[in-house]
Amino acid sequence: MLTLRERQINAIKQMLNLNSQQPKAMAAEPVWKILIYDRVGQDIISPIISIKELRELGVTLHVQLHSDRDSIPDVPAVYFCLPTDENLDRIQQDFSNGLYDIYHLNFLAPITRSKIENLAAAALHAGCVANIHRVYDQYVNFISLEDDFFILKHQQSDQLSYYAINRANTRDEEMEALMDSIVDSLFALFVTLGNVPIIRCPRNSAAEMVARKLEKKLRENLWDARANLFHMDATQAGGGVFSFQRPVLLLLDRNMDLATPLHHTWSYQALVHDVLDLGLNLVYVEDEAAAVSTGARKKPKACDLDRNDRFWVTHKGSPFPTVAEAIQEELESYRNSEEEIKRLKTSMGIEGESDIAFSLVNDTTAMLTSAVNSLPQLMEKKRLIDMHTKIATAILNCIKARRLDSYFEIEEKIMSKQTLDKPLLELLRDAEFGQPEDKLRLYIIYYICAQQLPEPELERLREALQSAGCDLTALAYVQRWKSIMNRSPSISQATQYEGGGTRTVSMFTKLVSQGSSFVMEGVKNLVVKRHNLPVTKITEQVMECRSNAETDDYLYLDPKLLKGGDVLPKNRAPFQDAVVFMVGGGNYIEYQNLVDFIKQKQTSNVHRRIIYGGSTLTNARQFLKELSALGGEIQTPTAS
């Protein structure tokens, strides 16, 4: 069964194949073409198709729509962009300048009737109507970061951020536009999946606005006989990602849990995102060795963490010490293979490369030949080991400098209601203990998770934060949020965190020794007990259709019903598949938690899947910034 990412890749490959179905046997020579995209198109393609793959698909040149481009005759030009006025003006300009002979226009979202008429008029005026071969609506306006993880925006993602949704002086039309943009992308997602979901979401939240609009859009499309995008034709029968059962779309509002996005984390992928700003599966790491030897600051090196990297796929969800251990083992196995080749060479008396030619006559060379043939894989393995060593070293330096292992351990204790070894006040006053931003994150998590806190204690903690140099603007917003949340009829915030708690096990001995590439001395090897975050708990209740005070009240919308109610039908079979979408931004911590949860649920005869998505992807630093911006509005109200 194809995953979401594979389906999106297929859609884009078909578009680059000039929208013709790819024959089973690929033609020896692809049609050479150029690809012109806007920023959104670039963000969609870059995490899923590498430049090498673009070349194989016949793309000789890929350029930004709004860059200065020269005329290239005789080659098809494939446009891949949103149908915004700005983009369409530029396309009309290309028509009148006669830049290309063959145009294939692919819009990321459906283009309106009036816009396409303007485009046709411009083509008539430029006399290039015959040159426009195809105009397509491609429903791929979302970014697949993993097989089961998507976001809606990367560049200019602040348009869909938690701040944009919750700020005080948003005008109604701005909010409508924001919600419409989320709905359009979710609609495209389900067109790509080939399924109509059943929608569940909490009432009276931003998620409800999205749910109502999405249901209306899906229903209108289903009842439109000519333009229905969900009827399977014979070639695609059974082509939906999910089996015959329909998936549930669980729309949640970031307001349900503000602690998790600020949580210090311990798994590899989430650490890379939190500490090194992973974006679109790319991370930039400064090359320390080069900086030390030359003394000059080198440009950070881009590391591509993609699905072809076996080590990344295996270990992205593992705790950091396990990853360091695994890198060490990979390095040793690589060194052994390298030794093996050297040993073979010497045993055969081959010193330089020139002797190989003579010795190939000999039978014993079979062994060497196979060893030499495995060199390309070895080189690739070495490249990946070096890259992960570089990333892990950068993370390790941050863990040591900011004491991230201790923060993670304390926050897990706070979430699982255990008593702390040292009082929080002492930790916040300790100047050696992490950066101001880390202390603020710890305090907010403590404030959210604790039930009743005496005001004098909070006052003392805030003073300690202030003297540590923290910016306390975010607290005004968190306070208001907590008081609103405690009034809501569903569960109070403090009870919904269970945290796994951690136990410290002794470190892998090789890692503490000086011979290792990572000196892990002073870093705790924490093992986390499996536990479900609030998002995962709700997902479980909704998928199992269990009765629960909180989720029973959620809206239940089914776009396939002509007259939809919004109450839960009495007897529902559990769902095998879910799409969990966080309005206001997702994060890798929740994604990893859902992945672990669904792994446990697999049985030999039942295959269950969860796809997780967010309007944006924020790490703790970005999220704190948004909270501070909201807190600033409370302290100095802006005139709307």
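Residues numbered from 1 in each chain as written. Predicted model: local features only at pLDDT ≥ 70, side-chain atom pairs only at ≥ 80, totals over all residues. Heavy atoms only, no water.

(A) Region of interest: the sheet that holds strand S3 (residues 72-81). With parallel pairing, the 5 strands of this open sheet are ordered in space as S2-S1-S3-S4-S5. The outermost strands of the open sheet, each flanked by one partner alone, are strand S2 (59-64) and strand S5 (132-137). Strand-to-strand, the axes of this sheet are offset by a mean angle of 20 degrees, without reference to chain direction. Inspection of the sheet shows strand S1 (residues 33-37) paired to S3 by 4 bridges, in the parallel sense. Each residue of the ladder has a partner; that of Leu-35, found in S3, is Val-78. In the packing of helix H1 (residues 4-16) onto the sheet, contacts are made with S1, S2, S3 and strand S4 (100-107), and the angle to S3 comes to roughly 155 degrees. (Pairing = 2+ DSSP bridges. Helix = DSSP H or I, 4+ residues; strand = E, 2+ residues; numbered from the N terminus. Axes fitted to C-alpha atoms, helices over the stretch in contact; angles between N-to-C directions. Contact = heavy atoms within 4.5 Å.)

(B) Summary view of the pattern of salt bridges. Following the criterion strictly, the structure yields 38 salt bridges and no others. For the salt bridge of Glu-544 with Arg-608, the shortest nitrogen-to-oxygen distance reads 3.2 Å. Of the two residues, Glu-544 is situated in helix H22 (residues 534-544) and Arg-608 in the loop between helix H23 (588-601) and strand S16 (609-614); the sequence distance between them amounts to 64 residues. The class of Glu-544 is partly exposed, set by a relative accessible area of 21%. Through salt bridges with shared partners, a single network forms among Asp-274, Asp-277, Arg-402, Glu-437, Asp-438, Arg-441 and Arg-621. (Salt bridge = Lys/Arg side-chain N within 4 Å of Asp/Glu carboxyl O. Buried < 20%, exposed > 50% of the residue type's maximum accessible area, 1.4 Å probe, protein only.)

(C) Looking closely at the nonpolar core. Within the largest apolar cluster, 89 residues are counted, with the highest numbers of intra-cluster contacts made by Leu-35, Phe-80, Val-272 and Ile-391. The greatest single-element share of this core, amounting to 10 residues, is contributed by helix H15 (residues 375-402). Once residues within four sequence positions are removed from consideration, Val-272 is found in contact with Asp-277, Leu-278, Val-283, Leu-305, Trp-312, Ile-391 and Ile-395. Listed in part, the 41 residues of the second largest apolar core include Tyr-447, Ala-474, Phe-623 and Leu-630. (Core = buried A, V, L, I, M, F, W, Y, C linked by side-chain atoms within 4.5 Å.)

(D) Summary view of helix H8 (residues 206-222). The terminal C-alpha atoms of H8, which comprises 17 residues, lie 25 Å apart, in line with the 24 Å expected from a rise of 1.5 Å per residue. Here H8 has its buried residues at Ala-206, Ala-207, Glu-208, Val-210, Ala-211, Leu-214, Glu-215, Leu-218, Arg-219, Asn-221 and Leu-222. Buried positions along H8 lie against helix H6 (162-166), helix H7 (172-193), strand S8 (198-201), strand S9 (248-253), strand S14 (555-557) and strand S15 (577-583). (Expected span 1.5 Å × (residues − 1).)

(E) Expanded view of the packing of aromatic side chains. Enumeration according to the criterion identifies 18 aromatic pairs in this entry. For the pair Phe-149 and Tyr-591, a centre-to-centre distance of 4.7 Å together with 15 degrees between the ring planes defines the contact as stacked. Of this pair, Phe-149 sits in strand S7 (residues 149-151) while Tyr-591 sits in helix H23, placing them 442 residues apart in sequence. For the pair Phe-149 and Tyr-591, one class covers both residues: buried. When the centroid spacing of 6.2 Å and the interplanar angle of 20 degrees are considered together, the rings of Tyr-443 and Tyr-447 count as stacked. Remark: Tyr-447 and Tyr-443 occur in helix H18 (residues 436-449); sequence separation between them is 4 residues, near one turn of the helix. Cluster of aromatic residues (ring-pair linked, three or more members): Tyr-79, Phe-95, Tyr-100 and Tyr-103. A cation sits over an aromatic face here: Lys-217 above Phe-187, 5.1 Å from the ring centre. Lying over the aromatic face of Tyr-447, Lys-482 brings its terminal NZ or CZ to 4.6 Å of the ring centre. (Phe/Tyr/Trp six-rings, centres within 6.5 Å; stacked < 30°, edge-to-face > 60°. Lys NZ or Arg CZ within 6 Å of the ring centre and 35° of its normal.)

(F) The arrangement of the packing of H18 against helix H24 (residues 620-635) in detail. At a minimum axis distance of 11 Å, the contact between H18 and H24 shows a crossing angle of 70 degrees. The orientation of H18 with respect to H24, classified from their angle, is roughly perpendicular. Contact with H18, carried on its side by Glu-437, Leu-440, Arg-441 and Ile-444, involves Ala-620, Arg-621 and Leu-624 of H24 and no other residues of that element. Looking at the contact of H18 with H24 residue by residue, the class counts come to 4 nonpolar, no polar and 3 charged. (Parallel < 35°, antiparallel > 145°, perpendicular 65-115°, else oblique. Nonpolar A, V, L, I, M, F, W, Y, C, P; charged D, E, K, R; others polar.)

(G) The arrangement of unusual backbone geometry in detail. One non-glycine residue with positive phi stands out, namely Asp-74, at about 65 degrees. Position of Asp-74 among the secondary structure elements: in strand S3.

(H) The environment of Leu-258, seen in detail. In this fold, Leu-258 is placed in the loop between S9 and helix H9 (268-276). Look at Leu-258 and you get buried, because its relative accessible area is 1%.

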